[in-house]
Amino acid sequence: MKTIVVIGAGPAGMMAAIQAAANNNKVILLEKNAKLGKKLMITGKGRCNITNIADLSEFIKNIPGNGKFLYSAFKNFFNDDVVNFFEALGVPTKVERGGRVFPQSDRAIDVVTALADKLYDSKVELRLNTKVERIIVEDGLVTGIKMSDGNILKADAVILAAGGASYPGTGSDGSGLKLAQAVGHKIMPLHPALVPLVSEEAWVRDLQGLSLRNVRVSAFTDNKKTDEMFGEMMFTHFGVTGPIILSMSRQIALDVASGKKIYLAINLKPALTPEKLEARIQRDFQKYTRKQIKNAMIDLLPHRLIPVVLNFAYIDAEKFVNAITKKERLRLVNALQKLSFDIHGVRPIAEAIVTGGGVHVKEIDPKTMQSKLVNGLFFAGEVIDIDGYTGGFNLQAAFSMGYTAGIMAGK
Ligand SMILES: Cc1cc2nc3c(=O)[nH]c(=O)nc-3n(C[C@H](O)[C@H](O)[C@H](O)COP(=O)(O)OP(=O)(O)OC[C@H]3O[C@@H](n4cnc5c(N)ncnc54)[C@H](O)[C@@H]3O)c2cc1C
């Protein structure tokens, strides 16, 4: 029987503790918050997108931050295992658009409660309000941890699952990275990975609150198209956010940091070729022939976008439809399919959904999640330099790494 200390009761740490306890080991789970799974509770807008039904190769493609490192962990415990795990705990799941898996109840709290019950059944000793200050290493071997009250816990193995540095209010304030660094691990520079984008253009900010579905957004870096995504986005008081913006933000954050010039172009009618769109506009113009153009586009666009698009096309909003020229119509097509605006920055890492950077993957054995520098020290979750897109990829990564670290530490 071993004594195993797990640092952090997020999805990675809770899964690790449950698995480590399987061999009759004594497992102590330390969490600095007064509650476990504080971040898990707010995932998926409170609905908790626990995984995705994508196959293994697709899954890894959706984890641009070192996805390949997860190959073994995914082999050990993949999306069907997560679904079975929660279903066995009385949390049935459902699949939504994009293969995203949620609890049928749409309640993240059901996921957290199931994990809490399983921790209890597995006889894991949970200590809340307990912050770990140091991992103790002697002659390259982990021997325990020191807590912020000065007390020491001896351990045969320690699993560090303290998360990244985003949403620090949920507990993941970067302190886990300092713990790893203090025992000699290299920390890859942190960067916001899924983060809203800042634009100072007035019309973008004026549209705050407006959501667009089924649009295609292209990103241009130093005038070269670098990315393109189809789906949903939203305007905010500082710029833009929403699923496709967040997914594109990883590279944009890196490019902005290195001084590159970025602009986005929204295609509001991506299903139509320019010719078909022009024909569609002509049909609308026939229908509204006696109206001013600002009142003739109501079938085509959300009300608030009409003046913006007309402005882009240099068309007077008061002009009557029957006076619109062919040239103006072509400019309108172009504005509808290339509504462009500059990106001036990204929101801070504290507001990122996921932290990029973290403990260097080269110093962790992907088969066991054990440190290559310190015997008996294991890692799991966002504390490692791994980040995925939205869609359930990050939680699956946390569960898979937690599972592997727990099993291996418990052996
Ligand atoms: C708003 C939001 C929505 C999200 N939605 C989704 C989603 O729907 N699907 C998805 O796949 N991913 C989602 N994510 C990402 C996902 O939540 C994270 O990737 C995941 O929680 C990482 O798990 P973790 O266990 O590694 O870290 P965390 O969940 O961050 O847990 C780490 C825990 O360690 C504790 N801790 C830290 N330092 C110490 C210390 N020194 N001593 C003791 N305890 C410590 C913290 O308090 C925390 O409880 C979302 C993230 C956010 C912010």
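All residue numbers refer to position in the chain's written sequence, counted from 1. For this predicted model, a pLDDT threshold of at least 70 governs which residues receive local features, and a threshold of 80 or more governs which side-chain atom pairs are given and counted, while totals over whole chains, interfaces and linings are taken from all residues. Hydrogens and waters are ignored; side-chain quantities use all the structure's heavy atoms.

1. Re the packing of helix α1 (residues 11–20) against helix α6 (residues 108–121)
The N-to-C vectors of α1 and α6 enclose an angle of 30°; their axes lie 9 Å apart at closest approach. Put simply, α1 runs roughly parallel to α6. You can see that α1 and α6 cross each other, and the crossing is left-handed. Facing M14, A17 and I18 of α1, the residues of α6 in contact are L115, K118 and L119. Classifying every residue of the contact of α1 with α6 by side-chain character gives five nonpolar, no polar and one charged. All axes are obtained by fitting lines to C-alpha atoms, using only the stretch in contact for helices, and the reported angles, taken between N-to-C directions, cover 0 to 180 degrees. Starting at the N terminus, helices and strands are each numbered in turn, a helix being any DSSP run of H or I of at least four residues and a strand any DSSP run of E of at least two. An angle below 35 degrees is treated as roughly parallel, one above 145 as roughly antiparallel, one from 65 to 115 as roughly perpendicular, and anything else as oblique. Two helices crossing with the near one rotated counterclockwise from the far one by less than a right angle form a left-handed crossing, whereas a clockwise rotation gives a right-handed crossing. Here, two residues are considered to be in contact whenever any of their heavy atoms come within 4.5 Å of each other. Three residue categories are used. Nonpolar comprises Ala, Val, Leu, Ile, Met, Phe, Trp, Tyr, Cys and Pro, charged comprises Asp, Glu, Lys and Arg, and polar comprises the others, including Gly.

2. Here we look at the pairing of strand β7 (residues 132–138)
The pairing criterion is simple: DSSP has to find at least two bridges between the two strands. Here β7 runs beside strand β8 (residues 141–147); their pairing, made up of six bridges, is antiparallel. For I135, the partnering residue across the bridge sits in β8 and is I145. Where β7 folds back onto β8 in an antiparallel hairpin, the turn is made up of two residues, including D139, whose phi is positive at roughly 50°.

3. Digging into the site of the ligand
Around the ligand there are 34 residues in total, and A12, E31, G44, E382 and L395 lie nearest to it. Identification of polar contacts relies on pairs of N or O atoms within 3.5 Å, with a donor-acceptor requirement for protein atoms, meaning one able to donate a hydrogen and the other able to accept it, and with residues adjacent in sequence counted only if both atoms are side-chain atoms. One of the backbone nitrogen or oxygen atoms of N49 is found 3.0 Å away from a nitrogen atom of the ligand. The backbone of V132 places a nitrogen or oxygen atom 3.0 Å from a nitrogen atom of the ligand. When the ligand is considered free in solution it has 1000 Å² of accessible area, and contact with the protein chains removes 95% of it. When at least one non-hydrogen atom of a residue lies within 4 Å of a molecule or strand, that residue is treated as near it. A 1.4 Å probe and the Shrake-Rupley method give the accessible areas. Residues count as covered only by the protein chains that appear here.

4. So, the sheet that holds strand β6 (residues 125–127)
Pairing within the open sheet is parallel, and its five strands lie in the order β6-β2-β1-β10-β20. Every other strand in the sheet has two partners, leaving β6 and β20 (377–379) as the edge strands with one partner each. Averaged over all pairs of adjacent strands, the angle between strand axes in this sheet comes to 20°, irrespective of strand direction. Sheet analysis places strand β2 (residues 26–30) next to β6, joined by three bridges and oriented parallel. Opposite I28, over in β6, you have E125 as the bridge partner. Those strands touched by α1 are β1 (3–7), β2 and β10 (157–160), and its axis lies near 170° from that of β2.

5. Topic: the domain arrangement of the chain
An automatic or database domain assignment provides the domain bounds reported here. What the domain assignment lists for the chain is domain 1 (3–188 + 356–410) and domain 2 (196–346). One C-alpha centre belongs to domain 1, the other to domain 2; they are set 40 Å apart. Between domain 1 and domain 2, the residue contacts involve six residues of the former and five residues of the latter. Surface buried jointly by domain 1 and domain 2 totals about 440 Å² across both partners, of which 47% is contributed by carbon and sulfur atoms. For this document, the term salt bridge refers to a Lys or Arg side-chain nitrogen within 4 Å of an Asp or Glu carboxyl oxygen. For D387, the salt bridge identified is with R250, shortest N-O distance 2.5 Å. Counting every contact that joins domain 1 to domain 2 gives one residue pair in polar contact (both at pLDDT 80 or more). For the side of domain 1 that touches domain 2, the residue count by class is two nonpolar, two polar and two charged. Accessible area that two parts lose when put together, with a 1.4 Å probe and added across both, is what the buried area reports.

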